[in-house]
Amino acid sequence: CSTISDTAVLTVTPKPNITAATDTPSICKGSSAPLNFSPTDDLSILGWFLADAANDCIPTGIVLSMESTYSVSPDTTTTYVVIVENSDQCRDTACITISVIELNAGTINGNQTICMTKDPLPFTATPATTTEGASIRYQWERSFTDCDNGFTVIANTELYDIAKSELSQTAYFRRRAIAELNGIT
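Engineer: Got a sec to walk through the pairing of strand β7 (residues 78–86)? Specific residues and values, please.
Structural biologist: Counting buried positions over the nine residues of β7 gives nine, a clear majority of the element. A loop of four residues connects β7 with strand β8 (residues 91–101), the two strands running antiparallel in sequence, and Q89 in this loop sits at a positive phi of about 65°.

This is the structure we're talking about:
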């Protein structure tokens, strides 16, 4: 003899497939970057987390945010993990790394007192330094006000030579270091 029991149905639903994203993957130290994920349709966010340092896309620690868009301002290059869940409680995770560019502007030296008819000596400078492999360019600025205010950009200057015709009064000069990485300045 044999008999057949009732039929049990095992329904398999696909797990979500998300991607974490940002429009600013590289930021200067002190700046922020908005993180988000897509798609967001019919998904609940379980949270944004820091990634475990040893396991790049494994969440660790407490929930940082429960919002679908989360703004971060890390001090160093940091990886974040987002976890989402669909209505069937299927989960997915996605990771995104924000690179933090640290920039040291370097120094310029050469305070001088000169007569109007004399040529100034060239400035001496130490180069700027940066992290994350960013490229550096320089922009010279000048003020006739003081050493903190009134600066304007000196057009077309990477390396600046002070011409004596420009020095009819006391002037203040500074060099702005600008780092660029992945198209972000």
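Engineer: Give a detailed account of the pairing of strand β3 (residues 33–38), specifying residues and quantitative values.
Structural biologist: Residues A33, L35 and F37 point to one face of β3 and are all buried, whereas P34, N36 and S38, pointing to the other face, are not buried. Of the pairings in the sheet, the one linking strand β1 (residues 19–21) to β3 comprises three bridges and is antiparallel in character. The residue bridging A20 from the neighbouring strand is F37, located in β3. Where β3 and strand β6 (residues 70–72) come together, three bridges link them in antiparallel fashion. Each bridged residue has a counterpart across the sheet, and for L35 the counterpart in β6 is Y70.

Engineer: Run through the side chain of T79, naming residues and quoting values.
Structural biologist: Here T79 is to be found in strand β7. One polar contact links T79 to T97, side chain to side chain, over a distance of 2.7 Å. Look past the residues within four positions of T79 in its chain and what remains in contact with it is F49, L50, A51, D56, C95, I96 and T97.

Engineer: Tell me about the sheet that holds β8, and please be specific about residues and values.
Structural biologist: If you trace the five strands from one edge of the open sheet to the other, you get β2-β8-β7-β4-β5, paired in mixed fashion. In the strand order of this sheet, the two ends are held by β2 (26–28) and β5 (59–65), each with one partner. Here the strands of the sheet are splayed against their neighbours by 35° on average, with no regard to which way each runs. Of the pairings in the sheet, the one linking strand β4 (residues 43–51) to β7 comprises seven bridges and is antiparallel in character. Residue pairing across strands places W48 opposite V82, the latter belonging to β7.

Engineer: Explain the nonpolar core to me, using residue names and the numbers behind them.
Structural biologist: L35, W48 and V82 are the most contacted members of the largest nonpolar core, which has 18 residues in total. Elements with a minimum of two residues in this core: β3, β4, β6, β7 and β8. If you tally residues by element for this core, the top one is β8, at four residues. Ranked by size, the runner-up nonpolar core spans five residues in total, among them W140, I154, L167 and A171.

Quick notes on the rules
- Residues numbered from 1 in each chain as written.
- Predicted model: local features only at pLDDT ≥ 70, side-chain atom pairs only at ≥ 80, totals over all residues.
- Heavy atoms only, no water.
- Buried < 20%, exposed > 50% of the residue type's maximum accessible area, 1.4 Å probe, protein only.
- Helix = DSSP H or I, 4+ residues; strand = E, 2+ residues; numbered from the N terminus.
- Pairing = 2+ DSSP bridges.
- Polar contact = N/O pair within 3.5 Å; in protein donor to acceptor, adjacent residues only side chain to side chain.
- Contact = heavy atoms within 4.5 Å.
- Axes fitted to C-alpha atoms, helices over the stretch in contact; angles between N-to-C directions.
- Core = buried A, V, L, I, M, F, W, Y, C linked by side-chain atoms within 4.5 Å.

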